[in-house]
Amino acid sequence: MRNFADKLYSLRTQSGYSQEALAEKVNVSRQAISKWELGLTLPDTDKIVALSKVFDVTIDYLLKDEIKVNKDESLDRIVLKFLGSAQDMDEISKELVDIMQDGVVDDMERKRVEEIVTMLDDISAIIDEIRTKMRMQ
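What counts and how
- Residues numbered from 1 in each chain as written.
- Predicted model: local features only at pLDDT ≥ 70, side-chain atom pairs only at ≥ 80, totals over all residues.
- Heavy atoms only, no water.
- Core = buried A, V, L, I, M, F, W, Y, C linked by side-chain atoms within 4.5 Å.
- Buried < 20%, exposed > 50% of the residue type's maximum accessible area, 1.4 Å probe, protein only.
- Helix = DSSP H or I, 4+ residues; strand = E, 2+ residues; numbered from the N terminus.
- Contact = heavy atoms within 4.5 Å.
- Axes fitted to C-alpha atoms, helices over the stretch in contact; angles between N-to-C directions.
- Parallel < 35°, antiparallel > 145°, perpendicular 65-115°, else oblique.
- Nonpolar A, V, L, I, M, F, W, Y, C, P; charged D, E, K, R; others polar.
- Phe/Tyr/Trp six-rings, centres within 6.5 Å; stacked < 30°, edge-to-face > 60°.
- Expected span 1.5 Å × (residues − 1).
- Polar contact = N/O pair within 3.5 Å; in protein donor to acceptor, adjacent residues only side chain to side chain.
- Salt bridge = Lys/Arg side-chain N within 4 Å of Asp/Glu carboxyl O.

What am I meant to see in the nonpolar core here?
Generally speaking, nonpolar side chains in soluble globular proteins are found buried as a group. Core analysis: the biggest nonpolar cluster contains 13 residues, and L8, W36 and L51 have the highest contact counts within it. Secondary-structure elements contributing two or more residues to this core are α1 (4-15), α2 (19-26), α3 (30-38) and α4 (45-55). Residues contacting L8, with those up to four places away along its chain left out, are L22, I33, W36, E37, L51 and F55.

Here it is, written out as C-alpha cells:
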C-alpha cells in the first residue's frame, strides 16, 4: 500500500522531473515538493488538482492509500487478476538481471527499473486485496 508521498516521488521520478521542475509546474517552492515527498506535509486542494493534471492521474489515486475491495468480486476472481499480472514476473526477473549484469545502471535502465517497481507495486496491491478478501470470508 503506497501513501501520497510515495506516489508523488514515484510519479515525479518516472516522469523525469526534478523537484524544482515539478515545483514550477504547480507553482510552489522546491522545498514544498520535498516536504510532500517526505510525508511531512500535504498539499492544498488546488495543488493536488494541479498534480493530478501534471501526471494525468486521478485525485483519488493520489490521496487514497487504502485498498478498496469490491465485495461482489469473488476471491477466485481476484486471484485470477493476480495470476494475470504475475505472468509477467518471469520476464521482469530476466529484464532486471539484464539491467544489473554490467553493474552500471544508466538513465534509460533506471527509468525502466522505476517502471518495473511500479508494476510490482500494482501486483503488491492485488496481493493486499487478496489478503483483505480472505479476512472478510
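Now that the structure has been shown, we can carry on.
Explanation requested: the environment of S93 in the structure shown.
Of note, S93 is situated in helix α7 (residues 89-100). The class for S93 is partly exposed, based on a relative accessible area of 39%.

Quick question: what am I supposed to make of the packing of α2 against α3 here?
Packed helices, taken two at a time, are described by the angle their axes make and the gap between the axes. As a packed pair, α2 and α3 sit with axes 8 Å apart at the nearest point and diverge in direction by 105°. By the angle between their directions, the pair α2 and α3 is classed as roughly perpendicular. Mapping the contact onto sequence places Q19, E20, L22, A23 and V26 in α2 and R30, I33, S34, W36 and E37 in α3. A per-class count over the contact of α2 with α3 returns 5 nonpolar, 2 polar and 3 charged.

Sorry, what's going on with the packing of aromatic side chains here?
Two aromatic rings, taken as a pair, are described by how far apart their centres are and by the angle between their planes. Evaluated as defined, the whole model comprises 1 aromatic pair. Both rings, one in Y17 and one in F55, keep their centres 6.1 Å apart while their planes meet at 65°; by these two values the pair is edge-to-face. Here the residue Y17 occupies a position in the loop between α1 and α2, and F55 occupies one in helix α4, the gap between them amounting to 38 residues.

How should I be thinking about α1 in this particular structure?
One turn of the α-helix equals 3.6 residues, which is why residues spaced by three or four share an orientation. With 12 residues, α1 ought to run about 16 Å at 1.5 Å a step, and its terminal C-alpha atoms sit 16 Å apart, in line with that. Along α1, 9 of the 12 residues are buried, which leaves the element largely enclosed by surrounding structure. Between the side-chain oxygen at the start of α1 and the backbone nitrogen of A5 there is a gap of 3.2 Å, and the oxygen is on N3. Just past α1, the residue G16 takes up positive phi, approximately 80°.

Before we go on, may I ask you to explain the pattern of salt bridges in this structure?
Pairing between side chains becomes possible if they bear opposite charge and their charged atoms approach one another. All told, the structure shown has 3 salt bridges when counted by the stated rule. The salt bridge involving R12 is made with E37; its shortest N-O contact spans 2.4 Å. Within this pair, whereas R12 is found in helix α1, its partner E37 is found in helix α3, the two being separated by 25 residues in sequence. Grouping residues by exposure puts R12 and E37 together as buried.

How should I be thinking about the packing of α1 against α3 in this particular structure?
Relative orientation of the contacting elements α1 and α3 amounts to 125°, with a least axis distance of 6 Å. In terms of orientation, α1 lies oblique with respect to α3. Touching F4, A5, L8, Y9 and R12 of α1 are I33, W36, E37 and L38, all from α3. Looking at the contact of α1 with α3 residue by residue, the classes come out as 7 nonpolar, no polar and 2 charged.

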